[in-house]
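The lines below spell out each chain.
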Amino acid sequence: MPKKRSGGGLSPTQQAAKFLGVSVLAGAVMAGIAVPAFGALGLAAKGSVEGFDEIPANLKRPPLSQRTTILDNQGGQIATVYSRDRTVVDLKDISPYLQKAIVAIEDARFYEHGAVDLKGVLRALNKNAQSGNVSEGASTLTQQYVKNVFVEEAGNDPTKVAQATQQTLGRKVRELKFAIQVEEELGKKKILENYLNITFFGQQAYGVEAAAQRYFSKSAKDLEVQEAALLAGIVQSPTRYDPVNDEAEATKRRNVVLQRMAEVHDISQAEAAAAKKKPLGLKVSKPNNGCITAVKDSSFFCDYVREVFLTDPTFGKTQKARAKVWNQGGLTIRTTLDPQAQKSVQTSLKSHVNKSDKVAAASTLVEPGSGKILAMGQSKPYGYGKNETEINYSVDQKMGGSNFGFPTGSTFKPFLAAAALEGGKPATQSYPAPYQMPYPDSVQACGGKTWRNSENAKVENEDEAEVGPYPLKKAMALSVNTYFVQMLEDIGMCPVVEMTDKLGVVQGNGTKLPEQPSSMTLGSTGISPLTMASAYAAFANRGTYCTPVAIASISQQLGGEKKSLPVPKSSCSRAMSETTADTINTLLSGVVDSGTGQEAGLTDRANAGKTGTTDFRKNAWFVGYTPNLSGAVWVGSATQKVKMVNITIGGTWHEKVFGGAVPGPIWKDAMTGALSGKESPSFNLVNIPDAKDRDKDRDRDDDNNGDDGDDGDNGNDNGNGNGENRGNDNGGGTDGGQPQIPTPTFSIPDEWTIGGNDNGGGNGNGGGGNWP
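Quick summary incoming for the structure in this document.

Cut-off values and rules
- Residues numbered from 1 in each chain as written.
- Predicted model: local features only at pLDDT ≥ 70, side-chain atom pairs only at ≥ 80, totals over all residues.
- Heavy atoms only, no water.
- Phe/Tyr/Trp six-rings, centres within 6.5 Å; stacked < 30°, edge-to-face > 60°.
- Helix = DSSP H or I, 4+ residues; strand = E, 2+ residues; numbered from the N terminus.
- Buried < 20%, exposed > 50% of the residue type's maximum accessible area, 1.4 Å probe, protein only.
- Lys NZ or Arg CZ within 6 Å of the ring centre and 35° of its normal.
- Axes fitted to C-alpha atoms, helices over the stretch in contact; angles between N-to-C directions.
- Parallel < 35°, antiparallel > 145°, perpendicular 65-115°, else oblique.
- Left-handed = near helix turned anticlockwise from the far one by under 90°.
- Contact = heavy atoms within 4.5 Å.
- Nonpolar A, V, L, I, M, F, W, Y, C, P; charged D, E, K, R; others polar.
- Disulfide = S-S within 2.5 Å.
- Pairing = 2+ DSSP bridges.

Take the packing of aromatic side chains next. Evaluated as defined, the whole model comprises 20 aromatic pairs. The interplanar angle of 65° and the centroid separation of 5.4 Å between the aromatic rings of Y536 and F539 together place this pair among those described as edge-to-face. Taken together, the residues Y536 and F539, both in helix α21 (residues 529–540) and three residues apart, mark about one turn of the helix. F539 matches Y536 in its accessibility class, with the two residues each being buried. Residue classification places F539 among the buried positions, given a relative accessible area of 0%. Aromatic rings pair up to connect F412, F415, Y536, F539, Y625 and F683 into one cluster. Over the ring of F110 we find K188, and its NZ or CZ is 4.5 Å from the ring centre. Seen from the ring of F616, K643 lies directly overhead, with NZ or CZ sitting 5.0 Å from the centre.

Next up, the structure:
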């Protein structure tokens, strides 16, 4: 049993042997000599050489992970993201003071010895033996660099990091073998450059450039002698010598480095003395990492870009491969975000909805013809505190959005109309559209299936005076529910499915739309604002749909080389004929001109759009466009539990919220600012003759106008319901009172229903479901 000193612990010789054994043994081996003093280790030189030779001499030096910079479409910085904050610089861009300081304090004989400093090993052995503890190490800068390479290769895997830093003989021998290889391949100057770029300086700063910026807010090339000494001193123990948290300890360590620089004649004793008297002079810049720090209120867009990178096969065949590239960093990502449009969206949202309101708002702008996402924002900021959220309400669940998206109400009706027109229905198509009617007994679905109204469910318009017949133009402007239910009965659901497939319309959870009348007419299905804005952009683009894109280009700087990476491209395809699109544009121009969207209409350019309000006013939408910009605005509760009646939003009290009110003005202001100074093209409108129908030009709130504040995508309202689509309120719906929850009068067969039921009164997703 080994002997211990009084008080416990190993003897000085044993401590030194434990700390230095491998280095001394290997140094002796490489020098071709045997050192008798190390016989106590119980290792034969010959046997050690054989084991040493078996280690592969092929150190893989992965490119150092660096920060990634995300830019807008004008080249302005949005955010920096990184797994390790590092900016690799050449040796010529590092202060000579810092180069000398590191060598002086870490390995003063760096330029005189090889991979192993045998003289330094013996000196350290003697000093540690005399002191009774390990007070001095013997690893050279080259050996330290190799260890850091192991750590870098381990990445953020805690198990691999532990293996890379474990104090074992095997790791030390392996480290030594690779250090010899590195000395032969790189030379002293390159080793020093690599070491200064790889090592950790505390405060999340890796490499000297990040450290100089973190502690002094200046470049590494501009460091003065006392600043260089401080950084060099941190390396030995970034926690102990952290100048931010312990200025006194950091000052002592800095002065030790300055004195050492004087001892090795890098500076004079007078220079060292003068530098010691100076204050630390910190000018700390906080770590600026991640989308939460994004400027221009673009955190959610930044996060969307990250999700695109991690999920799109363009950046790697597997999730692991994509994550490796992202964490390695060194990327400069130029996005499609337009700073003018982004500012306009956020300004509009903030002016209409407060972050502390019971409801939230989200808006996304897309460029027709290119699919470029120009703006993406919401009223609740990105974060983890009160009235903040990490959920991006504008996108699908897989991209960081809500679980299901949000029911769209009558903003879905243009898709049905487009399907009917594409199938040959005339733009003057008229239907009886009574005030109230049962859903059709049966509606043809895809694959030979049939939906049947086994519960004798009914649908109705806003009030008893809302009676047809209506032509399409008038029905779209006033959003007449029974008209579109009759249209669906006429053409069947499969044409609508085919149209929405071509327009990229899916539920927020990524699944196809359910084939049921409430989804295909009255927007009971949850969809994201980005999906709606992109689909409507196809109308603006005369029938050609383009998939949305957020990344314009990517370059990567690694290992001194810069290369371009492929990025996802928008895929454009024809969803409908130009005639159909032009007809929809004409119909929706009427909505903002004289229909339910008048409050949203732009006065200085051609524009079109559609309002939408859902069950119990839990969601309100406006989706609209000009020939060169498409945008969607959603207002509601992410939990789908807030009924927007008798509610204050943005400091303004609303008796009833509907698509043309709160979302409409948000859209108008956002579009106005985004398009300021931009060209004002026109639509290719078509002539749709007005039918001789009864005068129905009365005051209206929204797609349907009544008094009770309830609106469900399906169901009955025996009171005077106000809302685009209403539920069943047998209480009459008096003003000023909370609407009653309707009692559903029928149910959809299981095979036609998606989602649960939160007593929302509608069918399928319109009735509620497990909303986010």
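One can describe the packing of helix α16 (residues 413–422) onto helix α22 (residues 578–594) by two numbers: an axis separation of 10 Å at closest approach and a directional angle of 140°. Relative to α22, α16 is oriented oblique. You can see that α16 and α22 cross each other, and the crossing is right-handed. Contact residues: α16 offers P414, A417, A418, L421 and E422, while α22 offers T580, T583, I584 and L588. Residues belonging to the contact of α16 with α22 are distributed by class as follows: six nonpolar, two polar and one charged.

On to helix α8 (residues 188–198). Since there are 3.6 residues in each turn of an α-helix, residues three or four apart along the chain are aligned in direction. Most of α8 sits out of view: nine of its 11 residues are buried. Every buried residue belonging to α8 is among K188, I191, L192, E193, N194, Y195, L196, N197 and I198, and all of these are buried.

Within this structure, the stated rule accounts for three disulfides. One disulfide bridge connects C291 with C302, the sulfur atoms lying 2.0 Å from each other. Note on the C291 and C302 pair: the S-S dihedral is about -70°, so by sign convention the disulfide is left-handed. Taken together, the residues C291 in the loop between α12 (269–276) and α13 (299–311) and C302 in helix α13 connect sequence positions 11 residues apart. No difference in accessibility class separates C291 from C302, as the two residues are buried.

Our next topic: the sheet that holds strand β1 (residues 68–71). Here five strands make up an open sheet; going across it, the order is β2-β1-β3-β15-β16 and the pairing mixed. For this open sheet the edge positions go to β2 (77–81) and β16 (561–565), each flanked by a neighbour on one side alone. Taken over all neighbouring pairs, the strand axes of this sheet differ in orientation by 15° on average, direction set aside. With five bridges connecting them, strand β3 (residues 331–335) and strand β15 (residues 551–558) associate as antiparallel partners. For T335, the partnering residue across the bridge sits in β15 and is I551. Each of β1, β2, β3 and β15 is contacted by α13, which is oriented at about 115° to β3, the strand it contacts most.

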